[in-house]
Amino acid sequence: MRDPLFRMAVVLGVLSAVGPFAIDMYLPALPQVAADLGTTEAGAALTLTSYFIVFGIAQMIYGPMADALGRKTPLVVGVAIFTVATVAAALAPTLGWLIAARAMQGLGAATLMAVPRAVIRDVATGPQAAKVMSTIMIVIAVSPMLAPLTGSVIMAWGGWREIFAVLAVAALVSLALILFVLPETLAPEHRRPVSLRPMLSGARRLLTDRRFMGLTMIGGFGMASFFVFLSSASFVYTRQYGLSPTGFSLAFAVNAVGFFAASQFAGPMAQRHGMERVISLAITGFAGIMIALAAVVWLGLDALPVVMAGLFLGNACLGLVMPTAMVMSLDPHPDIAGLASSLGGTFQMLTGGLMIALTGPFMNNSAASMVTAIALCAALAWAAAAASLPRLRLA
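Attention here is on the structure that accompanies the text. (Residues numbered from 1 in each chain as written. Predicted model: local features only at pLDDT ≥ 70, side-chain atom pairs only at ≥ 80, totals over all residues. Heavy atoms only, no water.)

Bringing the nonpolar core into the picture now. Ranked by internal contacts, the top residues of the largest apolar core, which has 118 residues, are F52, L98, Y237, V307, L311 and M370. The two domains that each donate at least three residues to this core are domain 1 (1–194) and domain 2 (201–394). Excluding residues within four positions of it along the chain, V307 makes contact with Y237, Y241, L293, V297, D302, A367, M370 and V371. Counting residues in each nonpolar core, the second largest holds eight residues, with I336, L339, A340 and L343 among its members. (Core = buried A, V, L, I, M, F, W, Y, C linked by side-chain atoms within 4.5 Å. Buried < 20%, exposed > 50% of the residue type's maximum accessible area, 1.4 Å probe, protein only. Domains from an automatic or database assignment. Contact = heavy atoms within 4.5 Å.)

When you line up the elements, A251 lands in helix 11 (residues 245–263). When sequence neighbours within four positions are dropped, the list of residues in contact with A251 reads Y237, L243 and M308. (Helix = DSSP H or I, 4+ residues; strand = E, 2+ residues; numbered from the N terminus.)

Time to look at the pattern of salt bridges. Two side chains that carry opposite charge are able to pair once their charged atoms sit near each other. Enumeration according to the criterion identifies three salt bridges in this entry. Note that D36 is salt-bridged to R161, the shortest N-O span being 3.9 Å. On the criterion of sequence distance, the pair formed by D36 in helix 2 (residues 30–36) and R161 in helix 8 (residues 160–180) is long-range, its members being 125 residues apart. For D36, a relative accessible area of 43% translates into the label partly exposed. In this structure R161 comes out as partly exposed when scored by relative accessible area, which is 26%. The partner of D67 in a salt bridge is R71, and the shortest N-O contact between them spans 3.0 Å. Accessibility classification places D67 together with R71 in one group, the buried group. (Salt bridge = Lys/Arg side-chain N within 4 Å of Asp/Glu carboxyl O.)

Set out below in structure tokens:
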């Protein structure tokens, strides 16, 4: 990989990590938020739900904006919104205020999901793009390992409000990177003005593309498994297993290592075996491992090491699935990469939010309910591949 391309991948990775940090740094503080604002655990979880929902929908704004105005403008606008919302979250006097501030954070952070993928499509395709995406995944995957630990350290000397203060500083650093380091990758002659008719035409083209929708839903159910884990892990680890906030952060980090390590092999494996072969084997492995883990836990073998080992292996497979699915979904659509990125991201986030809503009533802060919900997401991801991408070898 050429050095400028690698440098761009690192910058995009740092930018893409802001959104995950806004989620993961906050996880150890959920019980404290509930106590401080006089609400229930379900009420505290709404601050995550509001973020996810707006985050998913807002990607439909930034994708067309990126195709019309270039890649840097929507990044600047989104990060500016995120910064203001983060300050508002730090000052929140009530749960309603915090939920609204978190929704605004999602509105701003959505640009960091939709636009970087379009930037990658501007500068690389195929296995090379998978390499760039896997480099970005290094930074993104490190986030779940470092963010909860960072949050628990901040809580040791401050509280949940100080977590948002640190995030505001990170947002300002990101804004500086966009303005002074990241180049514009979409030439003026390739920009498409924002117009409802082309947007509808492009959306119709994507929605009727069986391959695009199949890959999008594979990523969507994969993302849903992660959301289920986010919404329940802090309560499962601290209540069923008695871990402290720092202990939870360490356990959470271990679960992320599998994803982090495996994502680095996505590019090389795609070059050697082809992206279709990689994703078919990885999605089958993900579903098989998570279903097996759920069965083992329901049989009573729900010790913490067993749960963590199963999640580690499942996340390793998911680390191959996510970057490969992203690249494969965008490759056939270079002329509407921004729209394709935002539409795919929206479907993925909404799928994740829907799965949280559907599984929420059955969650009882136990490992059994958590891994069962994750296994359901994995099975649906495999089913999406089997139904929508019949040419893929699913074994």
